[in-house]
Structures are given as C-alpha cells and as structure tokens.
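Single-letter residue listing:
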Amino acid sequence: MAEKTVSSEPPAKAGLQQALLAPVRLAMGIVDIPMRAWQKLTGVNGMAGVFLAPNMLIFSVFVLLPLVINFIYSTTSGGAIFLQNRTYVGAEQYRILFDCGSYLDPSTCAADTFWASVRNTAVFVVFQVSAMLVVALATALILNRELSNRGFWRAVFFFPVLLSPVVVGLIWKWILQREGLLNYALSPFGFEPFSWLSDRFWAFFFAVFVSVWAHMGFYALILLAGLQAIPRDLYEAAAMDKASPTRIFRRITLPLLMPNLIVVLVLALIRAVQIFDEVFVLTGGGPGTSTMYITQFIYETGFASSLRNPGLASAASILMGIVLVILTLVQLGASSRNEKKGTRR
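Residues numbered from 1 in each chain as written. Predicted model: local features only at pLDDT ≥ 70, side-chain atom pairs only at ≥ 80, totals over all residues. Heavy atoms only, no water.

Under an unreviewed UniProt entry, the name given to the chain is Alpha-1,4-digalacturonate transport system permease protein, and the organism recorded is Rhizobium binae. UniProt, in the comment section headed Subcellular location (unreviewed entry), describes the chain in these words: "Cell membrane". (UniProt positions renumbered as here; feature names shortened; annotations may be inferred.)

**Student:** What am I meant to see in the UniProt feature "transmembrane region" (unreviewed entry) in the chain here?
**Tutor:** Residues annotated by UniProt as "transmembrane region" (unreviewed entry) correspond here to residues 50-73, 122-143, 155-175, 201-227, 248-270 and 312-334. Secondary structure across residues 122-143 comprises 100% helix and 0% strand; the distance between its end C-alpha atoms is 31 Å. The straight-line gap between the two end C-alpha atoms of residues 201-227 is 36 Å; of that span, 100% is helix and 0% is strand. (Helix = DSSP H or I, 4+ residues; strand = E, 2+ residues; numbered from the N terminus.)

**Student:** Mind showing me how you'd approach the pattern of salt bridges here?
**Tutor:** In a structure, side chains of opposite charge can pair up when their charged atoms sit close to one another. On inspection of all chains with the given rule, the structure shows two salt bridges. Linking Arg 95 and Glu 92 is a salt bridge whose minimum nitrogen-to-oxygen distance equals 2.7 Å. Here Arg 95 and its partner Glu 92 are both found in helix H3 (residues 92-97), three residues apart, which amounts to about one turn of the helix. Judged by relative accessible area, Glu 92 falls into the partly exposed class, the value being 30%. Its salt-bridge partner being Arg 95, residue Asp 99 comes within 3.8 Å of it at the nearest N-O pair. A relative accessible area of 45% means that Arg 95 is categorised as partly exposed. One continuous salt-bridge network, built from bridges that share partners, spans Glu 92, Arg 95 and Asp 99. (Salt bridge = Lys/Arg side-chain N within 4 Å of Asp/Glu carboxyl O. Buried < 20%, exposed > 50% of the residue type's maximum accessible area, 1.4 Å probe, protein only.)

**Student:** I'm lost on the packing of aromatic side chains in this one. Help?
**Tutor:** For any pair of aromatic rings, the description consists of the separation of the ring centres together with the inter-plane angle of the planes. Counting across every chain of the model gives 23 aromatic pairs. Relative to Trp 196, the ring of Phe 194 has its centre 5.0 Å away and its plane inclined at 75°; by these criteria the two rings are edge-to-face. On the basis of relative accessibility, which here comes to 31%, the residue Phe 194 falls in the partly exposed class. Assessed through its relative accessible area of 12%, Trp 196 is described here as buried. Here a set of aromatic residues connected by ring pairs shows up, and it is made of Trp 172, Phe 194, Trp 196, Phe 201, Trp 202, Phe 205, Phe 206, Phe 209 and Trp 213. (Phe/Tyr/Trp six-rings, centres within 6.5 Å; stacked < 30°, edge-to-face > 60°.)

**Student:** Explain unusual backbone geometry here, please?
**Tutor:** Pro 287 follows Gly 286 through a cis peptide bond whose omega is -5°. Checked against the element boundaries, Pro 287 lands in the loop between helix H11 (277-283) and helix H12 (294-304). For Lys 242, which is not glycine, the phi dihedral falls at a positive 60°. Structurally, Lys 242 is set in the loop between helix H9 (232-240) and helix H10 (245-273).

**Student:** Mind showing me how you'd approach the state of the cysteines here?
**Tutor:** Between two cysteines, a covalent bond joining their sulfur atoms is known as a disulfide. In the structure shown here, the tally under the stated rule is one disulfide. With its sulfur 1.7 Å from that of its partner, Cys 100 forms a disulfide with Cys 109. Disulfide Cys 100-Cys 109: torsion about the S-S bond near 120°, hence right-handed. By the burial criterion, Cys 100 is buried, and Cys 109 matches it. (Disulfide = S-S within 2.5 Å.)

**Student:** Just to check I follow, could you spell out the side chain of Thr 253 for this structure?
**Tutor:** Mapped onto the elements, Thr 253 comes out in helix H10. Side chain to side chain, Thr 253 and Tyr 235 meet in a polar contact 2.7 Å long. Once residues lying within four places of it in the same chain are set aside, the contact partners of Thr 253 are Leu 141, Leu 227, Ile 230, Tyr 235 and Ile 248. (Polar contact = N/O pair within 3.5 Å; in protein donor to acceptor, adjacent residues only side chain to side chain. Contact = heavy atoms within 4.5 Å.)

**Student:** Would you explain the environment of Thr 283 in this entry?
**Tutor:** With respect to the helices and strands, the residue Thr 283 is situated in helix H11. The exposure class assigned to Thr 283 is buried, which follows from its relative accessible area of 16%. In this structure, the C-alpha to C-alpha distance between Thr 283 and Gly 169, residues 114 residues apart in sequence, is 8.7 Å. When sequence neighbours within four positions are dropped, the list of residues in contact with Thr 283 reads Leu 197, Ala 203 and Thr 291. One polar contact links Thr 283 to Thr 291, side chain to side chain, over a distance of 2.7 Å.

**Student:** What is the right way to look at the nonpolar core in this model?
**Tutor:** What tends to happen in soluble globular proteins is that the nonpolar side chains get buried as a cluster. Counting residues in each nonpolar core, the largest one holds 52 residues, and the members touching the most others are Leu 97, Phe 114, Phe 124, Leu 223, Tyr 293 and Ile 298. If you list the elements that add at least two residues to this core, you get H3, helix H4 (112-143), helix H8 (200-229), H9, H10, H12 and helix H13 (310-344). No other element matches the eleven residues that H8 contributes to this core. Beyond its immediate chain neighbours, meaning those up to four positions away, Phe 114 contacts Leu 97, Phe 297, Ala 316 and Leu 319. (Core = buried A, V, L, I, M, F, W, Y, C linked by side-chain atoms within 4.5 Å.)

**Student:** I'm lost on the packing of H8 against H10 in this one. Help?
**Tutor:** Working note: a packed helix pair is described by the angle between its axes plus the distance between those axes. Where H8 meets H10, the closest approach of the two axes is 9 Å, and the angle between their N-to-C directions is 155°. Of the possible angle classes, the one that applies to H8 and H10 is roughly antiparallel. The handedness of the crossing between H8 and H10 is right-handed. When H8 is examined against H10, the residues His 215, Phe 218, Tyr 219, Ile 222, Leu 223, Gly 226 and Leu 227 are found in contact with a partner set consisting of Thr 253, Leu 257, Asn 260, Leu 261, Val 264, Leu 267, Ala 268 and Arg 271. Taken together, the residues of the contact of H8 with H10 break down into ten nonpolar, four polar and one charged. (Axes fitted to C-alpha atoms, helices over the stretch in contact; angles between N-to-C directions. Parallel < 35°, antiparallel > 145°, perpendicular 65-115°, else oblique. Left-handed = near helix turned anticlockwise from the far one by under 90°. Nonpolar A, V, L, I, M, F, W, Y, C, P; charged D, E, K, R; others polar.)

This is how it looks when you write it as structure tokens:
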C-alpha cells in the first residue's frame, strides 16, 4: 500500500506564510541584483565595504562632522551661533586660554574660570578614579564569592547604573540638603543641621562619593567577568601550597585581572574628565567654583552664560579631547609593555 505524505502544517497556514514571505523574497531579489554585480566587480573582499558603508556614514555624520564643525567654531569669535555670522580669528581663542602668568594660579590667567575648572578636574580625577578602582575591585571580589542570593546582590550593586545622572543628582541633593535625610538621621546623635553642599570640602567629597556610587556597578561588572575567567585550578594549587590570601591575590588574581583593570582605568578616567550631569545637579559648580569642572565650563561658556562665547568653549573642548587621547594612549602603551614583559617571563 502506498504511503500518503501528510503535510505538517494546514494548507491555509502554509499559504498565509507564503503570502507574507512573497514581498520579502521580492525585496531580497531586487537587492541581490546590484550586490551580485558589485561582488563580480570587486570580489568577495570588496563586499566588506558595502556592509561597513552604513556604519561609516552614521559615524561620519554624528562624530566626524561635529568634530570638524567644533574645530571651525574654535577659530571664530562672537556670540552668534551660525558660522556665517561669526568672525574668523585663527588661534586667538587658544591664545586666550593659554594666556597665564602661572598655570598653577588661575587668578593670573585671562580665562581664570577655565584654569580653575582644569585644576578642579585634575583633583577630582585623581580622587574619583582611585576610589572607583578600589571600590569596584572590592565589590567584584565580594560578589565573586559563594554568597546566598548572589544574583540579587549583583543586581543591587548594578541598579544605580540604570538611573539617569540627573535622577542621581536630585536624589542625593534631597538627602544632603539642610532639611534632608542625612541631617534627620544624625539629629538623634546631637548633630546640628548642616549645609553639606555649601561647604567646599564636603561638596567636593560628596561629588566624588556620588559619582563613585552611581557608576561603580558598571566597572565592578567588568572586573567580575575577569575574576570568573581566572581558572579555578590556580587557586586550588595555591591552596595546596598553603599560600596566604594576600599572596594569592598578589600573585594570581591581580596579574590575571590586569587587562580588565586597564579597561576600567581607561573608561573611568575618560568618564571622570567628562563629569557633568550629577555634579551640576548636585552642587551647580559651587560653592563658588569649587566643584566646577571642565565640561561645566564648556557648557556655561558656550550656552548658559549671558556673555556666551561658543568659540572659547569649542577651543576648551578640543583641548580636553586632545588630553584624553594622550592619556588613553599612554595607558594603553603601558598596558602593552606590561603584557610583553609578562610573555617574556
């Protein structure tokens, strides 16, 4: 007896799928014609350019073009926004930025606010990046242990990263204001209400603290991934040799985690130099200019000030970009040298 083949799908459903796929097949057939012609012309390797072209177009429009426009702005003066209404002055804006009697004393500079923000940013970067590395590494080491509800604790530490920087600034501003939650919590212990954000030391301290609190989870996640990639056999062998925890950390964990630490260092440094949102909402740059950083100077000079100067703001942003590139290249160069030394050993 001949066997009858039974279709796995009802005819109506199969017909509907064919009808829905027909426009897709037609579109793909139309696209296939020029793609085949281009492949015959350039070969298989030439097809990479076709697939890279959309990404390069987006990159050029939203990254390269703004960089070029920003550089052109830095060679002009005036408060007008449109380039045709601005006056070409060459390197005058850069000369104003570097016109200083002593770069360590912003009051002797023509752009005194700029150099005050540079000094504030340098101090902030040193403390914030150092604290970020220590706290993120300690958090990753703790979360890498066999903890109960470990997934929950990882989510808790990562949660602040999901918040908007403006929301972070508003939350902590509400906590730290004179009638805020911190003073309320300290009042039973005899502490008088204190304006934390009106004091230069505490404003700087909480600028660093809030920044570390908001972004630490992201860097801890990078370090946690590096810790989990370290073979367990190395720790078992060290335990058999009765190595101390400190020696295990120095000889095994830290060297093998160094690539992840370099990534965290570079990313944290770039973010620290560009700090703006949460600190601007938290302190507004005050008291005075004690927490005004380079990005806030660029924003206020280019847009917020009544005597706005987009050219000076553009020149400052170009200098900040150059410094970031140099610092990144130095760190990556140091990382590659350490890797070469490690392979030689």
